Amino acid sequence: MAKAYDHLFKLLLIGDSGVGKTCLIIRFAEDNFNNTYISTIGIDFKIRTVDIEGKKIKLQVWDTAGQERFKTITTAYYRGAMGIILVYDITDEKSFENIQNWMKSIKENASAGVERLLLGNKCDMEAKRKVQKEQADKLAREHGIRFFETSAKSSMNVDEAFSSLARDILLKSGSRRSGNGNMAPSTDLKTCDKKNTKCSLG
Ligand SMILES: Nc1nc2c(ncn2[C@@H]2O[C@H](COP(=O)(O)OP(=O)(O)OP(=O)(O)O)[C@@H](O)[C@H]2O)c(=O)[nH]1
């Protein structure tokens, strides 16, 4: 039987508590949004397969808790990630300032070649904006990474952001060996539900 996908990429979302990491993943994987805030405990993942450059890319997207008290658990997952998405909230200046700390955490805990992407979420809340697009553009340029403003609520740029990161990883992996990518520790998969779309390890 033909394989259901050509590549499996493991992505990780990090950023301060409340910036919208869980909502971005739910929007991407299930095309849904909920205003209720339930803080992530530990770590969690969802899956969606996308078509990129004629290849079926299965994205295993890991959601980390932004709260400091879960740092030891969450940083343990950086190493296996092929792409890390740094998220801040455009209405929360502190969450943007903290991106520098999250960058440092990647440097300390992730694999050297990991692809990174910066997202300014909640861009539907223009009236409450505290972080200008130019500030984030500058930061992204300094780090040599891509940047999008997104809204998990309106869907704005959510698919585009995940696809762009997947494309960058695909291009990079093409220059190494093809078919690489099962980065998930096999033991983690044991706690998945039947559809294999949601796991809880917290
Ligand atoms: N207006 C608006 N609200 C959002 C958006 N994304 C998330 N929210 C809201 O922000 C709150 C926090 O969202 P979460 O996705 O749980 O945040 P998180 O980053 O996963 O938080 P932790 O799990 O604590 O790290 C919730 O009340 C969401 O409804 C968005 O794009 N626009």
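Calculation criteria
Residues numbered from 1 in each chain as written. Predicted model: local features only at pLDDT ≥ 70, side-chain atom pairs only at ≥ 80, totals over all residues. Heavy atoms only, no water. Near = heavy atom within 4 Å. Polar contact = N/O pair within 3.5 Å; in protein donor to acceptor, adjacent residues only side chain to side chain. Areas by Shrake-Rupley, 256 points an atom, 1.4 Å probe, with all protein chains shown as cover. Helix = DSSP H or I, 4+ residues; strand = E, 2+ residues; numbered from the N terminus. Nonpolar A, V, L, I, M, F, W, Y, C, P; charged D, E, K, R; others polar. Axes fitted to C-alpha atoms, helices over the stretch in contact; angles between N-to-C directions. Parallel < 35°, antiparallel > 145°, perpendicular 65-115°, else oblique. Contact = heavy atoms within 4.5 Å.

A.B. asks: Summarise the site of the ligand; cite the residues concerned and give the values.
C.D. replies: Around the ligand, a shell composed of 23 residues is seen, among which Ser-17, Tyr-37, Ser-39, Thr-40 and Gly-66 lie nearest. With respect to the ligand, the backbone of Val-19 contributes an N or O atom lying 3.3 Å from an oxygen atom. The backbone of Ala-152 places a nitrogen or oxygen atom 2.8 Å from an oxygen atom of the ligand. Coverage of the ligand by the protein chains reaches 93% of its 660 Å² of free accessible surface. In terms of residues, the shell around the ligand owes the most to one element, helix H1 (residues 21-30), which gives three residues. Tallied by class, residues from the shell around the ligand come to seven nonpolar, 11 polar and five charged.

A.B. asks: Before we move on, could you go through the packing of H1 against helix H6 (residues 158-174) and cite the residues and values that matter?
C.D. replies: Running from N to C, H1 and H6 cross one another at 85°; their axes reach a closest spacing of 9 Å. It follows that H1 is roughly perpendicular to H6 by the angle criterion. The segment H1 lies against H6, with Leu-24, Arg-27 and Phe-28 engaging Val-158, Asp-159 and Phe-162. In terms of residue class, the contact of H1 with H6 is made up of four nonpolar, no polar and two charged.

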